[in-house]
Amino acid sequence: MHVAQVRDWSEGPRYVTVDDPPAPSEDQIQLRVLAAGLHQIVRSRASGQHYSAGSLPHIVGIDCVGRDVATGKLYYCVNMQPGFGSFAELITVPKRVVHPLPEGVDPLSFAASVNPAMSSWLALTQRTSDLPKNYTVLILGATSASGRLAVPAAKALGAGKVIGVARNEASLAKIDGLDEFIVQKDAITDTDFSQLDCDVVLDYVYGDLALHVLSTLNVRRPLQYIAIGGLSRKEVAIPPALLRSRDITIRGCRAALSPGRLYKRKSRASCPLWRDGTCRALTVCP
Ligand SMILES: NC(=O)c1ccc[n+]([C@@H]2O[C@H](COP(=O)([O-])OP(=O)(O)OC[C@H]3O[C@@H](n4cnc5c(N)ncnc54)[C@H](OP(=O)(O)O)[C@@H]3O)[C@@H](O)[C@H]2O)c1
């Protein structure tokens, strides 16, 4: 079969022929892959830069939609174990990393959407506590796929107001459901957040933007900041005086929970992506 495989981090992935995976044992399932997501994390792992990239050779991809070779049933699979890659014609994986999907789900849209959609849902359901009624969410990097999907997720999870921050005004203006937006200036410190108070920051950018937001927001109530992405590709140091002077809780969140753990959670019913088995917020480019 064919896979996308990295043999040298500096060269990137190649389309290569490898042996078919072994037949599944009783605890495993073999899927024929229909669609696999080219998420930011997938690119980062394929270049050896992500903490979970593992060793070489590396097969690209962390998730996919595929059909059980034995029964023809449709499944979603997510797996970040070393040695696994979803950019393959066939995969043999433990049953605990797959979840059945209803027929009719568009494999391309679903595979593209799960990782970005789950990021905000998990952050809000697993990494916040005691949010007030009709809380306010500030999304940094709102024009990213994850940022756009965070808007309906936050609304479905009880947010009364969602504010987006991004560089591109035209793209921000097109995001459905945003109550307000702030355009990030070229010099980030020129962007004015001093009139803004919120309960939660969902951060897909990090770097100077995160530091500027945390330093200048008009924080009048407890602020829960969740680091989800690093689009700025920059690290910053948070001065301890900032932490002492404001009531800020800082946490991080990653999306790649196994389906088994995910589906057992009671709050799953509130996740817009899983409720109807598809997500229309992303444009899919096969
Ligand atoms: N932890 C998790 O669970 C999880 C899950 C999914 C994604 N992520 C992370 O979240 C981030 C977003 O992922 P994604 O797949 O949604 O991204 P994406 O759709 O590929 O987002 C790309 C967009 O981000 C904006 N952007 C890029 N660099 C930026 C910068 N320096 N400052 C502000 N905006 C910038 C650009 O929008 P404009 O051109 O409009 O400026 C760009 O079009 C990534 O870091 C990803 O690794 C984390």
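Everything here concerns the structure above.
A quick note: this is a predicted structure, and the numbers were derived from the prediction, not measured. (Residues numbered from 1 in each chain as written. Predicted model: local features only at pLDDT ≥ 70, side-chain atom pairs only at ≥ 80, totals over all residues.)

Q: Summarise the overall build of the protein chain; cite the residues concerned and give the values.
A: Looking only at helices and strands, the protein chain features 8 helices and 14 strands. Counting across all 286 residues of the protein chain, residues that qualify as buried make up 40%. Of the contacts formed within the protein chain by residues at least 6 apart in sequence, a portion of 71% connects residues at least 24 apart. (Helix = DSSP H or I, 4+ residues; strand = E, 2+ residues; numbered from the N terminus. Buried ≥ 20, exposed ≤ 12 C-beta atoms within 10 Å, placed from the backbone. Contact = placed C-beta atoms within 7 Å.)

Q: Give a description of helix 3 (residues 145-156) that names residues and reports values.
A: It helps to recall that an α-helix has 3.6 residues per turn; residues three or four apart then point in one direction. Under the 1.5 Å per step criterion, the end-to-end length of helix 3 is 17 Å for 12 residues, consistent within 8% with the ideal 16 Å. Turning to helix 3, its buried residues are Ala145, Ser146, Gly147, Arg148, Leu149, Ala150, Val151, Pro152, Ala153 and Ala154. Among the residues trailing helix 3, Gly158 stands out with phi positive, at a value near 105 degrees. (Expected span 1.5 Å × (residues − 1).)

Q: Lay out the sheet that holds strand 2 (residues 13-17) with the relevant residues and their values.
A: One open sheet holds the 3 strands; their spatial order is 2-1-4, and the pairing between them is antiparallel. Pairing within the sheet leaves two strands with one partner each, and these edge strands are strand 2 and strand 4 (58-59). Pairing of strand 1 (residues 2-6) with strand 2 involves 5 bridges; the strand directions are antiparallel. Considered in strand 2, the bridge of Val3 is made with Val16. (Pairing = 2+ DSSP bridges.)

Q: Tell me about the packing of helix 2 (residues 107-126) against helix 3, and name the residues and values.
A: Two elements in contact, helix 2 and helix 3, have axes whose closest approach is 7 Å; the angle formed by their N-to-C orientations is 50 degrees. Taken together, helix 2 and helix 3 sit at an angle that is classed as oblique. Handedness of the helix 2/helix 3 crossing: right-handed. Contact residues: Pro116, Ala117, Ser119, Ser120, Trp121 and Leu124 in helix 2; Ala145, Ser146, Leu149, Ala150, Ala153 and Ala154 in helix 3. When its residues are assigned to classes, the contact of helix 2 with helix 3 shows 9 nonpolar, 3 polar and no charged. (Axes fitted to C-alpha atoms, helices over the stretch in contact; angles between N-to-C directions. Parallel < 35°, antiparallel > 145°, perpendicular 65-115°, else oblique. Left-handed = near helix turned anticlockwise from the far one by under 90°. Nonpolar A, V, L, I, M, F, W, Y, C, P; charged D, E, K, R; others polar.)

Q: Just give me the short version of the nonpolar core, but keep the residues and values in it.
A: Cys77, Val137, Leu140 and Val201 are the most contacted members of the largest nonpolar core, which has 76 residues in total. At 10 residues, helix 2 tops the list of elements feeding residues into this core. Each of two domains, domain 1 (2-103) and domain 2 (116-252), supplies a minimum of three residues to this core. Look past the residues within four positions of Val137 in its chain and what remains in contact with it is Ala154, Ala159, Val162, Cys198, Val200 and Leu202. (Core = buried A, V, L, I, M, F, W, Y, C linked by C-beta atoms within 7 Å. Domains from an automatic or database assignment.)

Q: Can you tell me about the sheet that holds strand 9 (residues 136-140), naming the residues and giving the values?
A: An order of 11-10-9-12-13-14 is seen for the 6 strands of this open sheet, with the pairing classed as parallel. Of all the strands in the sheet, the pair left with one neighbour each is strand 11 (180-183) and strand 14 (248-252). Neighbour-to-neighbour, the strand axes of the sheet open up by a mean angle of 15 degrees, direction not taken into account. Strand direction decides the pairing type here: strand 13 (residues 223-227) and strand 14, joined by 5 bridges, are parallel.

Q: Pulling in residues and values, what's your account of helix 5 (residues 207-216)?
A: Leu209, Ala210, Val213 and Leu214 are the residues of helix 5 that are buried. Looking straight down helix 5, one finds that the buried residues subtend no more than 125 degrees of arc, so they occupy a single side. Those residues of helix 5 that are buried lie in contact with strand 9, strand 12 (200-203), strand 13, helix 6 (240-245) and strand 14. (Arc of directions from axis to C-beta.)

Q: Tell me about the pairing of strand 9, and please be specific about residues and values.
A: Regular strands show a simple pattern: their side chains alternate between the two faces of the sheet. Counting buried positions along strand 9 yields 5 of 5 residues, so the element is predominantly enclosed. Side chains Thr136, Leu138 and Leu140 of strand 9 all project onto a buried face; the interleaved residues Val137 and Ile139 project onto the opposite face, where all are buried too. With respect to chirality, the unit in which strand 9 leads through helix 3 into the neighbouring parallel strand 10 (residues 161-166) is right-handed. One ladder, built from 4 bridges, connects strand 9 with strand 12; its direction is parallel. Within strand 12, the position partnered with Leu138 by the bridge is Val201. (Right-handed = clockwise from strand over helix to strand, strands pointing away.)

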